[in-house]
Amino acid sequence: MIYNPISVTELNKYIKGKFEEDEYFANVLVEGEISNYKHHYTGHLYFTLKDENSLIKCIMFKTYTGHLEFEPKDGMKVMILGSVSVFERDGTYQLYAKAMKPMGMVGDLRAAYEELKQKLEKEGLFDSIHKKPIPAYPKVIGVLTSNTGAVIRDIINVSTRRNPNVVIKLFPVPVQGEGAAEKIAKGIELMNEHKLADVLIVARGGGSLEDLWTFNEEVVARAIYASELPVISAVGHETDFTISDFVADLRAPTPSAAAELAVPDIAEVQSKIEGYQNRYKQALIRKVQLMKLRYEKCMQSRVFTQPLQKVNEQYMVIDMKVKTMEHSVLQKLQKEKSNLQRLIMQLDTLSPLKTLARGYGIVYKQGDRVKSITDLKEKDEISIRLQGRRSKSNGHRKK
């Protein structure tokens, strides 16, 4: 069997496509030790992540290095969130890091995070069936975050730009530190109890796993789950995932994105309304034109141009039916008349008067016609009817 060869580039591109098709490679969480670390002048980080038996080449682009809260070093044990893909030029696969945390305390927090996540997931708090829809056109947005800092300013700026008519109600709460989780949970309960908003945004800026830990607390997760008002979780950066994100009705990658998801763009709404108006207007115009054409067609119909034509045609039909009926009656009368004449002739033929006319007579005994000589006996009084009048005779002998 002969195959057509392909180029090395095509082969590497095909292999890269296979990696990208596998969703598992899109988000992997890997832990290991850094070696061959290099901070390139472009801002990108190049290093190798290894354990006792294997290693993998890694790169963190400058886009993500700004979120790092420590300086990576050779020999440091870290946990990396990233994706695996193929670098086509060299034909090598490597880990593209999006976030990186040092091990140690992070390991303990991560274990607690996974334990609580599995617990709540088993209880069904993450199930999509419990997710409430975000209202399309909310009038009041409730925000639970710190009253200082960039988060509330970003939410206000984005919301005001998209729809200046939307009201922002801030419920100031601490977003980290002791007691912060309880205060956030209480704030959610109060917003629900007094129905202070149409939708809630629980938000804070980026930070380390420790900084975001308040939103991994069980009390916050259960308060979000119990909320009758839909909740949008906007905690940390795009690569940060907290328990609140899984429980909330909708996760936003950033607080600004949460405002965009909660507040409809009034310009887009107006554009849609104008589009609907134009469509309805055009539809109405077409409808009027169609009705006009139907009206003109109807007016050209014989029903309107010659309204009595149908009546006259029915008159003709009636006349024809009357003539048919008259003809049928005449035929019936003629037939019955012929039958009557035939019966009269038959009756006349059978008439006793015809017998008398031929010279015969009819004998009666006490008013009854005598049919045989045996009907008579001596001295019976009989009468004989001839053509003329009846005569009487007494005591004729029986011959």
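Positions within a chain are numbered from 1, following the residues in the order the chain's sequence is written. This being a predicted model, a pLDDT of at least 70 is required before a residue's local features are given, and a value of 80 or more before pairs of side-chain atoms are given or counted; all residues contribute to the totals for chains, interfaces and linings. For side-chain calculations, the full set of non-hydrogen atoms in the structure is used, while hydrogens and water are omitted.

This part covers empty space enclosed by the protein. Once rolled over the atoms, a probe with the size of a water molecule shows which space is left empty. For each structure, a 1 Å grid was placed over the protein atoms alone; sets of points admitting a 1.4 Å probe that cannot get out are labelled cavities, open sets with protein on both sides within 12 Å along at least five of seven lines are labelled pockets, and lining residues have an atom within 4 Å of a point. Grid points are joined across faces, edges and corners, and a volume is the space filled by probe spheres set on the points. One pass over the structure, following the stated rule, counts one cavity of 30 Å³ or more. Considering only enclosed or pocket space, the largest cavity measures out at about 40 Å³ in volume. Forming the walls of the largest cavity are Leu125, Asp127, His130, Lys131, Lys132, Ile224, Tyr225, Val247 and Asp249.

What follows concerns the nonpolar core. Take the buried residues of types Ala, Val, Leu, Ile, Met, Phe, Trp, Tyr and Cys, join any two whose side-chain atoms come within 4.5 Å, and each joined set is a nonpolar core. A 1.4 Å probe rolled over the protein chains alone gives each residue an accessible area, and that area as a share of the maximum for its type sets the label: buried under 20%, exposed over 50%, partly exposed in between. Ile188, Leu200 and Ile243 are the most contacted members of the largest nonpolar core, which has 32 residues in total. Sorting the residues of this core by element identifies helix H3 (105-123), strand S6 (140-145), helix H5 (180-193), strand S8 (199-204), helix H6 (218-226), strand S9 (231-235) and helix H7 (243-247) as the ones contributing at least two each. Under the DSSP-based scheme used, a helix requires at least four consecutive residues in state H or I and a strand at least two consecutive residues in state E, with every element numbered from the N terminus. The element that contributes the greatest number of residues to this core is H5, accounting for five residues. In what follows, residue pairs with any heavy atoms lying within 4.5 Å of each other are defined as contacts. If near-sequence neighbours (up to four positions away) are discounted, Leu200 is found in contact with Gly142, Leu144, Ile188, Met191, Asn192, Ser227, Leu229, Pro230, Val231 and Ile232.

Across six bridges, the pairing between strand S1 (residues 28-39) and strand S4 (residues 77-87) is antiparallel. Its bridge partner lying in S4, Glu31 is registered against Met79. DSSP bridges decide pairing: two strands pair if at least two such bridges lie between them.

Another point: the sheet that holds S6. With parallel pairing, the five strands of this open sheet are ordered in space as S7-S6-S8-S9-S10. Edge strands, defined here as strands with exactly one partner in the open sheet, are strand S7 (167-172) and strand S10 (250-251). Note: S6 against S8, four bridges, orientation parallel. Among the inter-strand pairings, Gly142 is bridged to a residue of S8, identified as Leu200. Packing against the sheet, helix H8 (residues 255-262) makes contact with S6, S8, S9 and S10, and its axis sits at approximately 170° to S8. Orientation is described by axes fitted as lines to C-alpha atoms, over the contacting stretch for helices, and by angles from 0 to 180 degrees between their N-to-C directions.

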